[in-house]
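Spelled out, the chains give:
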Amino acid sequence: MKKLSNNPLNSSATVSASYAMMTAAFIIIAVIQSSCGKMKTDQAQDSGEASRQEQFHADADIAMSVSSIVDALKVGEALDSADYDFEGILTDGLGRPIYTDSQGNPGEWSVDVLTDSSAAIRNLNTGDLLPDQLEDYIVKGLGLDRSNIIESSEYDDDDDTEMSVYDFGAGMIRFEKRRVHVPNGTESVLMTIALGRYPASE
């Protein structure tokens, strides 16, 4: 029987073929891992987005909050802190936060009963609040318009503050808008919405 020779060319060819197969295998594994990694990243991003949306979930519509207080004032109900006091996110009619603060978070508000016949709503942070649009939204929700304004002015000693007062029959609602400068050099607004019932006539 003829013995096969140990041909170095054959060994080299075998090694090359093995190397090519291993390289191809590594490429396939890398592609699979990359795809899996991208899927996990996308899932993590989706989860993070869902988490942020959950954090942005609003507690109440600001127009409904104002309307609830106005209704109580109209029927002579005594305002109770336990029923109306609130601190958190208020929204517009589409469920979006009224404004975003300088950190990119939904801006917060406070609702405070001052007496049994008055209350105030204030934004707690500076941000991208649009006070005129907010005033229009709330006024329309109450069925009021510019014809119901009983006072509108700027304070003599404070050019940065504007005020408009509307009569809703049993009382009044005052919008006070004070412009402030924030550290980044831009201008923002601190807004107070004050509601009160007229004193009972004797």
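What you are looking at is a predicted structure, and each value in this text was computed from that prediction instead of being measured.

About the cut-offs
- Residues numbered from 1 in each chain as written.
- Predicted model: local features only at pLDDT ≥ 70, side-chain atom pairs only at ≥ 80, totals over all residues.
- Heavy atoms only, no water.
- Patch = residues over 30% accessible without salt bridge, like charges linked within 9 Å, V, L, I, M, F, W, Y side chains within 5 Å.
- Areas by Shrake-Rupley, 256 points an atom, 1.4 Å probe, with all protein chains shown as cover.
- Salt bridge = Lys/Arg side-chain N within 4 Å of Asp/Glu carboxyl O.
- Lys, Arg positive; Asp, Glu negative; His and termini not counted.
- Charge placed at Lys NZ, Arg CZ, Asp CG, Glu CD.
- Helix = DSSP H or I, 4+ residues; strand = E, 2+ residues; numbered from the N terminus.
- Core = buried A, V, L, I, M, F, W, Y, C linked by side-chain atoms within 4.5 Å.
- Buried < 20%, exposed > 50% of the residue type's maximum accessible area, 1.4 Å probe, protein only.
- Contact = heavy atoms within 4.5 Å.
- pLDDT = per-residue confidence, 0-100.
- Axes fitted to C-alpha atoms, helices over the stretch in contact; angles between N-to-C directions.
- Parallel < 35°, antiparallel > 145°, perpendicular 65-115°, else oblique.
- Left-handed = near helix turned anticlockwise from the far one by under 90°.
- Polar contact = N/O pair within 3.5 Å; in protein donor to acceptor, adjacent residues only side chain to side chain.
- Pairing = 2+ DSSP bridges.

Looking at a negative patch on the surface
Line of reasoning, step 1. A cluster of acidic residues, Glu-77, Asp-80, Asp-83 and Asp-85, forms a negative patch at the surface.
Line of reasoning, step 2. Mapped onto the elements of the fold, Asp-80 is located in the loop between α2 (62-74) and α3 (81-84).

Some details on the nonpolar core
One broad rule of soluble globular proteins: the nonpolar side chains tend to lie buried together.
Line of reasoning, step 1. In this structure, Trp-109, Ile-138, Ile-173 and Ile-193 are the most contacted members of the largest nonpolar core, which totals 29 residues.
Line of reasoning, step 2. At the level of secondary structure, the elements contributing two or more residues to this core comprise α2, β3 (108-115), β4 (118-123), α4 (131-141), β7 (171-181) and β8 (187-197).
Line of reasoning, step 3. No other element matches the 6 residues that α2 contributes to this core.
Line of reasoning, step 4. Sequence-distant contacts of Ile-173, that is, excluding residues within four places in its chain, are made with Val-66, Ile-138, Leu-142, Ser-164, Val-165, Tyr-166, Phe-168, Ile-193, Ala-194 and Leu-195.

Describing a nonpolar patch on the surface
Line of reasoning, step 1. A surface patch of nonpolar side chains, about 260 Å² in accessible area, is lined by Ile-150, Met-172 and Tyr-198.
Line of reasoning, step 2. Structurally, Tyr-198 can be placed in the segment after β8.
Line of reasoning, step 3. Residue Tyr-198 is classed as partly exposed on the basis of its relative accessible area, which comes to 33%.

Regarding the confidence of the model for the chain
Line of reasoning, step 1. Residues with a pLDDT of 70 or more make up 68% of the chain, whose mean pLDDT is 79.
Line of reasoning, step 2. Ranking the elements of the chain by mean pLDDT puts helix α1 (residues 8-55) last, at 48, and β4 first, at 98.
Line of reasoning, step 3. Every residue in residues 1-19 is under pLDDT 50, and counting partners more than four places away or in other chains gives 1 contact.
Line of reasoning, step 4. Contacts of residues 47-57 to residues separated by more than four positions or lying in other chains number 6 contacts, the stretch itself having pLDDT below 50.

Some remarks on the pattern of salt bridges
Line of reasoning, step 1. Enumeration over the complete set of coordinates arrives at 9 salt bridges.
Line of reasoning, step 2. With a closest N to O distance of 3.7 Å, Arg-146 and Glu-135 form a salt bridge. In this pair, Arg-146 is assigned in the loop between α4 and β5 (149-155) and Glu-135 in helix α4, connecting sequence segments 11 residues apart.
Line of reasoning, step 3. By relative accessible area, which is 1% here, Glu-135 ends up buried.
Line of reasoning, step 4. Overlapping salt bridges, with partners in common, bring together Asp-132, Glu-135, Asp-136, Arg-146 and Lys-177 in one network.

Topic: the packing of α2 against α4
Line of reasoning, step 1. At a minimum axis distance of 9 Å, the contact between α2 and α4 shows a crossing angle of 50 degrees. Comparing their axes, α4 and α2 come out oblique. Between α2 and α4 the crossing geometry is right-handed. Of α4, the residues touching α2 (which contributes Ile-62, Ala-63 and Val-66) are Leu-134, Tyr-137 and Ile-138.

Quick word on the side chain of Lys-177
Line of reasoning, step 1. For Lys-177, the position within the fold is in strand β7.
Line of reasoning, step 2. Given the relative accessible area of 9%, Lys-177 is considered buried.
Line of reasoning, step 3. Reaching out from Lys-177, the side chain makes a polar contact with the side chain of Glu-135 at a distance of 2.7 Å.
Line of reasoning, step 4. In contact with Lys-177, other than residues within four places in its own chain, are Pro-131, Asp-132, Glu-135, Asp-160, Thr-161, Glu-162, Val-189, Leu-190 and Met-191.

With respect to the pairing of β8
Line of reasoning, step 1. Within β8, 8 of the 11 residues are buried, which leaves it mostly tucked inside the rest of the structure.
Line of reasoning, step 2. Bridge count for β7 against β8 is 11 bridges, and the pairing is antiparallel. Residue pairing for β8: Arg-179 is matched across the bridge by Val-189.
Line of reasoning, step 3. Where β7 hands over to β8, the hairpin turn is made up of 5 residues, of which Gly-185 adopts a positive phi near 95 degrees.

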